[in-house]
Amino acid sequence: MTTIQRGSTGMTANPAQGVRINRKGPLRRTAAGRIALPLAVGKDGIHLAEGNLVLTVDAALVLYDELWHLMGKPIPLATPDERDE
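These notes cover the structure that comes with them. (Residues numbered from 1 in each chain as written. Predicted model: local features only at pLDDT ≥ 70, side-chain atom pairs only at ≥ 80, totals over all residues. Heavy atoms only, no water.)

**Description of the overall build of the chain**
Note the threshold: Starting at the N terminus, helices and strands are each numbered in turn, a helix being any DSSP run of H or I of at least four residues and a strand any DSSP run of E of at least two. Type-normalised accessible area, obtained with a 1.4 Å probe on protein chains alone, sets the label of each residue: buried when under 20%, exposed when over 50%, and partly exposed for intermediate values. Two residues form a contact once any of their heavy atoms are found within 4.5 Å. Accessible surface is estimated by sampling points in the Shrake-Rupley manner with a 1.4 Å probe; for residues, cover comes only from the protein chains shown.
Broken down by element type, the chain carries two helices and five strands. A total of 85 residues make up the chain; the buried ones form 15% of that total. Long-range pairs, those at least 24 residues apart, make up 16% of the contacts in the chain with a sequence separation of at least 6. With the model as given, the accessible surface of the chain reaches about 6,500 Å², and the carbon-plus-sulfur share is 59%.

This is the structure we're talking about:
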């Protein structure tokens, strides 16, 4: 599960400290064909809200590429012309 936490004490593995944004479920397609990543927001262990990070296909491909590079596993992506085929 992906977690982002910010605060004056820095990053911590303790889910009861700070503001956290966690993945809430599987990716899905919106009615407009975009990609939605469900997220949950909490603070100090208390659930606050849920929402979706909605990305265009191009923005999702950029994120995909950035994640693979951060993991040290660059994978060549299809060009826009190749995706349209």
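On we go from here.
**What to know about a nonpolar patch on the surface**
Rule in force here: Patches here are clusters of residues that have more than 30% relative accessible area and form no salt bridge, with a 9 Å joining cutoff for like charges and a 5 Å cutoff for nonpolar side chains (Val, Leu, Ile, Met, Phe, Trp, Tyr). We define a salt bridge as a contact between a side-chain nitrogen of Lys or Arg and a carboxyl oxygen of Asp or Glu at a distance within 4 Å.
A surface patch of nonpolar side chains, amounting to about 420 Å² of accessible area, comprises Leu 63, Leu 67, Leu 70 and Met 71. Checked against the element boundaries, Leu 63 lands in helix H1 (residues 57-70).

**Some words on the environment of Leu 39**
Tracing the backbone through its elements, the reader meets Leu 39 in strand S4 (residues 35-43). Those residues in contact with Leu 39 that lie beyond four places of it in its chain are Ile 21, Asn 22, Arg 23, Lys 24, Ala 49, Glu 50, Gly 51 and Leu 53.

**Some thoughts on unusual backbone geometry**
Notably, Asp 44 is not glycine yet its phi reads approximately 50 degrees, a positive angle. Within the secondary structure, Asp 44 sits in the loop between S4 and strand S5 (46-55). The partly exposed category is assigned to Asp 44, whose relative accessible area is 42%.

**Some details on the pairing of S4**
Under the convention used in this document: Pairing between two strands is assigned when DSSP locates at least 2 bridges connecting them.
For S4, the buried fraction is high: seven of the nine residues fall into the buried class. For strand S2 (residues 19-23) and S4, the ladder comprises five bridges, and the chain directions are antiparallel. Each residue of the ladder has a partner; that of Ile 21, found in S4, is Val 41. Note that strand S3 (residues 28-29) and S4 share two bridges and pair antiparallel. Bridging from a neighbouring strand, Arg 29 pairs with Ile 35 of S4. Hairpin connection from S3 to S4: five residues lie between these consecutive antiparallel strands, with Gly 33 at a positive phi of about 90 degrees. As judged from the nine bridges shared by S4 and S5, these two strands associate in the antiparallel manner. Note on S5: the bridge partner recorded for Ile 35 is Leu 55. Counting the residues in the hairpin turn of S4 and S5 gives two residues, including Asp 44, whose phi is positive at 50 degrees.

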